[in-house]
Amino acid sequence: MRHLFFWLLGLAGGLLWGCDALPGAPSLEGRPPVVSELSFTPDSVDFNTLPPAQIQGDTAFIPLSIAVRAHDPDGQVVQVAFVVQAPLSTPEPVATGTLEAIGGDRYAGQTILRLHRAQVGPYTVLVYAVDNEQRLSNQVRGTLWFWATGGPPVIEAVQVPDTLRRPAPGEPPVVFQVVARVSDPDGLENILRVELRVNEGAPILLCDDGSKGICGGIPNSGDAVAGDSLFTMTLSLAHDNVPGTYTFAFQAIDRTGLTSEEVRRHVVVE
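Worth saying up front: this structure is predicted, and the values here are computed from it rather than measured.

**Section: the sheet that holds strand S10 (residues 154-159)**
Consideration 1: Read across the open sheet, the 3 strands follow the order S10-S12-S15; overall the sheet is antiparallel. Two strands close off the open sheet at either side, each with one partner strand: S10 and strand S15 (230-237). Neighbouring strand axes in the sheet, compared pairwise and without regard to direction, differ in orientation by 20° on average.
Consideration 2: When strand S12 (residues 174-183) meets S15, the two strands line up antiparallel, connected through 8 bridges. Looking across to S15, one finds that Gln177 is bridged to Thr234.

Here is the structure:
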C-alpha cells in the first residue's frame, strides 16, 4: 500500500505539472479526485478511562470510526484509503485500510487500533482517494490524542565518578561513563528522554539503545544493552578542562510531558 501511495503521488504530480494552460474556461479533463470533510471518532483517548473489555494487559484496543467525502469531477473514485501514523517517526503505520461508499460521495469505515499504554501522543489520521485513471487526490488529516497518565518517570539510581583527574598535556582524554536507571509507571516505552546537565549547561542526552546510534543520532553512547532501563552516555575529560567541583543534574521526561525529580551529584575534577 505504501509503495502504491508514493508511486501514485509521483504520477499525480507529473500529470498536474504536465498540463498546458489553455484560454477560456478551464477543462476538467485530467482532474484528480478531491477528499474533504474528514471526521473520526474518537479524537482523544485516555487509557485509564477505557472499559475493561478494551484493555488486555498494557494494550488498549480502540475502535476508530472514519468518514470522509470523496468526489471526482471527471471520472470515478475507485478507492478511498486511510493511514494512521504513530507520533514518532517510524516507517510502519499503526493501521491502514479502505473506506466503503455509503452514498452521496460519502465513504466510511472502522478499524481497531492496538496501542500500548506507553505509546502516548498525537496520532495522525490521514485519508486520500484514487480514481479510475490512477490519479491521487489531496490528503486530509486530523489528530487523535492518546493518553495514559499513570505518573511521572523516576530516576532510581545514578552512577557517576566522585573524582576525575585530568590527563597531562599531550595525553589522550580520560573517558568515563554516566548512567541513570529510570522507570515509568506507564512502562519504559513512555520515557521520551533522559538528560544530564553539567553546571546548568546544555542538556546531554543519555541513551538506552545498546550503542546502535538510534538515540539522537549519537553513534556510540556506550550503552551496553538496549531497553534495560539503564540510560548511558560516554564522556571525556581533556587536560585543559578547568579543575573544580562540577554539578551533574539528571532528569527524565515522559511522552506526556511529566518530569522526574532531579537527581544531583557532585564531581571533583583535579
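Having put the structure on the table, let's press on.
**Some thoughts on the environment of Ser221**
Consideration 1: Here Ser221 is to be found in the loop between strand S14 (204-206) and S15.
Consideration 2: What makes Ser221 buried here is its relative accessible area of 0%.
Consideration 3: Those residues in contact with Ser221, other than ones at most four positions away along the chain, are Cys207, Asp209, Ser211, Thr232, Met233 and Thr234.
Consideration 4: Only 3.2 Å separates the side chain of Ser221 from the backbone nitrogen of Asp223, close enough to count as a polar contact.

**Examining the pairing of S12**
Working note: regular strand, side chains alternate between the two faces of the sheet.
Consideration 1: Pairing of S10 with S12, which is carried by 5 bridges, proceeds in the antiparallel orientation. The residue of S12 that forms the bridge with Val158 is Ala180.

**Focus: the sheet that holds strand S17 (residues 263-269)**
Consideration 1: If you walk across this open sheet you meet the 5 strands as S11-S17-S16-S13-S14, and the pairing is mixed. Two strands lie at the open edges of the sheet, namely strand S11 (163-164) and S14, each paired on one side alone.
Consideration 2: Sheet analysis places strand S13 (residues 191-198) next to S14, joined by 3 bridges and oriented antiparallel. Its bridge partner being in S14, Leu196 is matched across the sheet by Ile204.

**Remarks on the packing of aromatic side chains**
Working definition: an aromatic ring pair is given by the centre-to-centre distance plus the angle between the planes.
Consideration 1: Enumeration according to the criterion identifies 2 aromatic pairs in this entry.
Consideration 2: Their ring planes at 75° and their centres at 6.5 Å tell us that Tyr123 and Phe146 sit as a pair that is edge-to-face. Pair noted here: Tyr123 is in strand S8 (residues 121-131) and Phe146 is in strand S9 (residues 140-147), with a separation of 23 residues, a long-range link. Accessibility assignment for this pair places Tyr123 and Phe146 in one class, buried.

**Quick look at the nonpolar core**
Consideration 1: Grouped together as the largest cluster of nonpolar side chains are 29 residues, with contacts concentrated most on Val80 and Phe146.
Consideration 2: Looking at this core, the elements with two or more residues in it are strand S1 (34-41), strand S4 (59-71), strand S5 (77-85), strand S6 (95-103), strand S7 (106-116), S8 and S9.
Consideration 3: Top contributing element to this core by residue count: S4, with 6 residues.

About the criteria used
- Residues numbered from 1 in each chain as written.
- Predicted model: local features only at pLDDT ≥ 70, side-chain atom pairs only at ≥ 80, totals over all residues.
- Heavy atoms only, no water.
- Pairing = 2+ DSSP bridges.
- Helix = DSSP H or I, 4+ residues; strand = E, 2+ residues; numbered from the N terminus.
- Axes fitted to C-alpha atoms, helices over the stretch in contact; angles between N-to-C directions.
- Buried < 20%, exposed > 50% of the residue type's maximum accessible area, 1.4 Å probe, protein only.
- Contact = heavy atoms within 4.5 Å.
- Polar contact = N/O pair within 3.5 Å; in protein donor to acceptor, adjacent residues only side chain to side chain.
- Phe/Tyr/Trp six-rings, centres within 6.5 Å; stacked < 30°, edge-to-face > 60°.
- Core = buried A, V, L, I, M, F, W, Y, C linked by side-chain atoms within 4.5 Å.

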